[in-house]
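Topology and contacts: notes
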Amino acid sequence: MTTRALVAMALRFLREYVRASDLAVAAAVLFACSAARSRLSSRPGEPMLWPVVGIIPTLFAHLAAGDVYDWGAAVLLGRSRGTFAYRGTWGGGSSGVVTSVPANVEHVLKANFDNYPKGPYYRERFAELLGGGIFNADGDSWRAQRKAASAEMHSARFVQFSAGTVERLVRRELLPLLESLSGREGPESAAAAVDLQDVLLRFAFDNICAAAFGVEAGCLADGLRDVPFARAFERATELSLTRFYTPPFVWKSKRLLGVGSERALVESARAVREFAERTVADRRAELRKVGDLAGRCDLLSRLMSSPPAAGYSDEFLRDFCISFILAGRDTSSVALTWFFWLLASHPHVEARVLDDVARGGGDVSAMDYLHAALTESMRLYPPVPVDFKEALEDDVLPDGTLVRARQRVIYYTYAMGRDKATWGPDCLEFRPERWLSKSGAFAGGAESPYKYVVFNAGPRLCVGKRFAYMQMKTAAAAVLARFRVEVLPGQEVKPKLNTTLYMKNGLMVRFVRREQRHELGHPLPAAAADAGED
């Protein structure tokens, strides 16, 4: 009997003897048995992996409740002993382990680094926006960009330029804006409420565009006006992130057909790339016209002026600078938002920060307590709460967990900062003193980077770490010296599910001028402050 005849016979049998209700019951029994088997085979405290849909129902339940990060931390730091396996929807290609064990993180980020690249899963989802940029690259491409970034960003010339850039932006744009919001017209003029997260995102975007491209984005100018490039960049970032929780067959079908969110992503990413391409082309033309870019110190000009410049294509420069903006815009602004929120509920810490700013005399590198307070804030609210790498080959983590090839190891930075085994019984307290030596100097450098992976660790340690601290300290010191940041009561403050730890609803605040204003430790004349002079 042929195969076709057997199939026909089976179909006739089903039609004649099997009812739809029988199939439904069988499917329900099979689902229940599979769920029970999954529950019994998992360790106590681990999240449920449902048949077909895996961890998705549990994840969505906590997304709806708005506590997904705290839930994940509770699971990891509870009976799961720091690591648990997960699986997404059937056919979605998402599976692996989640861990908060520092030894596992060190293994992935350093000891067996070559086995854990970003991987195609990550690169494919950011391809439209980042192209082959450093934060979306692996292998030789990543090494070349890493070498270029380290050489230029750590050069004395760029460090001096970037410090001057952020200081001018603070004086000329940020502080005048906050003065206007604080009711500067007179004592009877009430301070206006504003979303601090939005203001700081705009500030960081302006600063990073100046540092990366040498252009003024103008996000803080003219009453927080709309800036098409900034809007397109934010839209492209958000739409890229939807690919991480949308089944691949859904978003890939939409991309193929050019509809919905995928069409919007293509259009937004195109606007970002076109802006970057025009900037690169204009700088190339300037280089050809004047012969050198000695008068410019932004990252793009530095790369064009470096010895291997002939090897840097326009596409390379475009993708590199877009990646730099993505990394620098969200992380520092989000970190500052959580920092100001924590200060508002810890006045004793704010008082010590103000003393530190006054003693610093305008030198942010001397402000050790401010540095410690920012570091402590990021321990509790890391700008990148979760990150992952993808295994090339089968591996075993130091705690004995098996990782299969093409599975992902997700390291949970948010949970790691709340681990009593690492930070002690007061791990949930905002206490900057834990980062200081007995003499009051910042001593965080002695801590293992694999316990505090806020800036990543190992070969992929963030090359912009110094830049980020300088930017955050300069802005925080200048703002706090002049204003008391009052958080409006009655707000629901909680994280938003994103690759960056945004506040879901923003943070509404008022800026109230201090009676005695200081410019980083020195008396500041009112006229100079109001004019935003250098």
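Thresholds, definitions, all that
- Residues numbered from 1 in each chain as written.
- Predicted model: local features only at pLDDT ≥ 70, side-chain atom pairs only at ≥ 80, totals over all residues.
- Heavy atoms only, no water.
- Patch = residues over 30% accessible without salt bridge, like charges linked within 9 Å, V, L, I, M, F, W, Y side chains within 5 Å.
- Areas by Shrake-Rupley, 256 points an atom, 1.4 Å probe, with all protein chains shown as cover.
- Salt bridge = Lys/Arg side-chain N within 4 Å of Asp/Glu carboxyl O.
- Helix = DSSP H or I, 4+ residues; strand = E, 2+ residues; numbered from the N terminus.
- Buried < 20%, exposed > 50% of the residue type's maximum accessible area, 1.4 Å probe, protein only.
- Lys, Arg positive; Asp, Glu negative; His and termini not counted.
- Contact = heavy atoms within 4.5 Å.
- Pairing = 2+ DSSP bridges.
- Axes fitted to C-alpha atoms, helices over the stretch in contact; angles between N-to-C directions.
- UniProt positions renumbered as here; feature names shortened; annotations may be inferred.
- Polar contact = N/O pair within 3.5 Å; in protein donor to acceptor, adjacent residues only side chain to side chain.
- Phe/Tyr/Trp six-rings, centres within 6.5 Å; stacked < 30°, edge-to-face > 60°.
- Lys NZ or Arg CZ within 6 Å of the ring centre and 35° of its normal.

With that settled, consider a nonpolar patch on the surface. Among the surface-exposed residues, Leu256, Leu257 and Val259 lie close enough to one another that they form a single nonpolar patch of about 340 Å² accessible area. The residue Leu257 is located in helix α13 (residues 248-257) in this model.

Mapping Asp387 onto the fold places it in strand β4 (residues 387-390). Here Asp387 occupies a buried position and makes no salt bridge, while the nearest side chain of opposite charge, Lys389, is found at 4.0 Å. In this view, Asp387 contacts Val409, Ile410, Tyr411 and Asn456; residues no more than four positions away in its chain are not counted.

In this section: the sheet that holds strand β8 (residues 483-487). Sheet architecture is open: 3 strands sit in the order β3-β9-β8, paired in antiparallel fashion. Among the strands making up the open sheet, the edge pair consists of β3 (193-195) and β8. If you compare each strand with its neighbour and ignore which way they point, the axes differ by 40 degrees on average. Bridging between β3 and strand β9 (residues 508-513) involves 3 bridges; their strand directions are antiparallel. Of the residues in β9, the one forming a bridge with Asp195 is Met508. Sitting on the sheet, helix α21 (residues 465-482) is in contact with β8 and β9, with an inclination near 95 degrees to β8.

With that settled, the discussion passes to the UniProt feature "binding site: heme" (unreviewed entry) in the chain. When the UniProt feature table is mapped to this numbering, "binding site: heme" (unreviewed entry) covers Cys462. Turning to its location among the elements, Cys462 is positioned in the loop between α20 (420-423) and α21. A relative accessible area of 31% means that Cys462 is categorised as partly exposed. Those residues in contact with Cys462 that sit more than four places away from it in its chain are Phe455 and Asn456.

What follows deals with the environment of Asp399. Its place among the elements puts Asp399 in the loop between β5 (395-396) and β6 (402-403). In the structure, Asp399 is positioned 318 residues away from Arg81 in sequence and 9.6 Å away in space, judged by C-alpha atoms. Side chain to side chain, Asp399 and Thr83 meet in a polar contact 2.8 Å long. Engagement of the side chain of Asp399 in a polar contact is seen with the side chain of Thr401, the distance being 2.8 Å.

Attention shifts here to the packing of aromatic side chains. Per the stated rule, a full pass over the model turns up 28 aromatic pairs. Between Trp423 and Trp435, the ring centres sit 5.5 Å apart and the planes meet at 45 degrees, which makes this aromatic pair tilted. Here Trp435 lies in the loop between α20 and α21 and Trp423 lies in helix α20, a separation of 12 residues in the sequence. With respect to class, Trp423 is no different from Trp435; both count as buried. Aromatic rings pair up to connect Tyr121, Tyr122, Phe126, Phe244 and Phe388 into one cluster. One cation-aromatic arrangement involves Lys118 over Tyr122; the distance from NZ or CZ to the ring centre is 4.2 Å. Sitting over the face of the ring of Trp423, Arg379 holds its NZ or CZ atom 5.5 Å from the ring centroid.

What follows deals with the pairing of strand β7 (residues 408-411). The two faces of β7 match: Arg408 and Ile410 on one face and Val409 and Tyr411 on the other face are all buried. Judged from the 4 bridges that link them, strand β2 (residues 95-99) and β7 form a sheet pairing that is parallel. Opposite Val97, over in β7, you have Val409 as the bridge partner. Two strands pair when backbone bridges link them, and β4 and β7 are joined in this way by 4 bridges, in the antiparallel orientation. Paired with Glu390 across the bridge in β7 is Arg408.

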